[in-house]
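Residue strings, one per chain:
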Amino acid sequence: MTEDPTTASGLYGISAAARLSGVGEQALRLYERKGLLTPVRTAGGTRRYTDDDVTVLRRVAALLADGLNLTGARRVLELEADNDRLRLRIAELTD
DNA sequence: CTTCTAACA
DNA sequence: TGTTAGCA
């Protein structure tokens, strides 16, 4: 446990999220504007990235490296989310 | 930290 | 189209 209890919950500022994901801060803001990501905002308007957001960021980086543009990456994320929901549904039915 | 503008590949 | 630098 090298982490502070307040940060161990997986809530990061934009600079921390950028370091963890390897994506630049400006790019993070662009991804949000394009609808790939929706980090929560504090009352003051500062973004709060969760661990899940960082995971998505890594997915996006891999997708872009595969030659997709941001719109395509957004679609893939949608489909993957649907896919996960379907897998869960199948698991329920196959019990 | 935020948003915007502009330049570049 | 997407990234980056600089400004306010």
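Let me sum up the structure you'll find in this document. This is a predicted model, so every value here is computed, not measured.

**Observations concerning the protein's contact with DNA strand C**
- If you check the shell around DNA strand C, you find Gln26, Leu30, Tyr31, Leu64, Asn69 and Leu70 and nothing else.
- The sugar and phosphate moieties of DNA strand C supply 53% of its atoms located within 4 Å of the protein.
- Here a base nitrogen of DNA strand C and a side-chain polar atom of glutamine 26 are 2.5 Å apart.
- Separating a phosphate oxygen of DNA strand C from a side-chain N or O atom of tyrosine 31 is a distance of 2.9 Å.

**Some words on the packing of helix H4 (residues 51-65) against helix H5 (residues 70-93)**
- Relative orientation of the contacting elements H4 and H5 amounts to 125 degrees, with a least axis distance of 10 Å. As summarised for this structure, H4 and H5 are arranged oblique, according to the angle between their axes. Handedness of the H4/H5 crossing: right-handed. Across from Val56, Arg59, Val60, Leu63 and Leu64 in H4, the residues of H5 making contact are Leu70, Ala73, Val76, Leu77 and Glu80.
- The residue inventory of the contact of H4 with H5, partitioned by class, reads 8 nonpolar, no polar and 2 charged.

**Some words on the pattern of salt bridges**
- Counting across every chain of the model gives 6 salt bridges.
- Taking the shortest distance from any N to any O, the salt bridge between glutamate 78 and arginine 74 comes out at 2.5 Å. In this pair, glutamate 78 and arginine 74 are both assigned in helix H5, 4 residues apart and thus about one turn of the helix distant.
- Glutamate 92 is paired through a salt bridge with arginine 89; the nearest N and O atoms lie 3.0 Å apart. Here arginine 89 and glutamate 92 lie together in helix H5, a separation of 3 residues that amounts to about one turn.
- Residue classification places arginine 89 among the partly exposed residues on the basis of a relative accessible area of 45%.
- Among the charged side chains, a salt-bridge network with shared partners connects Glu32, Arg41 and Arg47.

Calculation notes
Residues numbered from 1 in each chain as written. Chains lettered and ligands numbered in written order. Predicted model: local features only at pLDDT ≥ 70, side-chain atom pairs only at ≥ 80, totals over all residues. Heavy atoms only, no water. Near = heavy atom within 4 Å. Polar contact = N/O pair within 3.5 Å; in protein donor to acceptor, adjacent residues only side chain to side chain. Axes fitted to C-alpha atoms, helices over the stretch in contact; angles between N-to-C directions. Helix = DSSP H or I, 4+ residues; strand = E, 2+ residues; numbered from the N terminus. Parallel < 35°, antiparallel > 145°, perpendicular 65-115°, else oblique. Left-handed = near helix turned anticlockwise from the far one by under 90°. Contact = heavy atoms within 4.5 Å. Nonpolar A, V, L, I, M, F, W, Y, C, P; charged D, E, K, R; others polar. Salt bridge = Lys/Arg side-chain N within 4 Å of Asp/Glu carboxyl O. Buried < 20%, exposed > 50% of the residue type's maximum accessible area, 1.4 Å probe, protein only.

Everything listed here is a matter of coordinates, which is why it stays silent on function.
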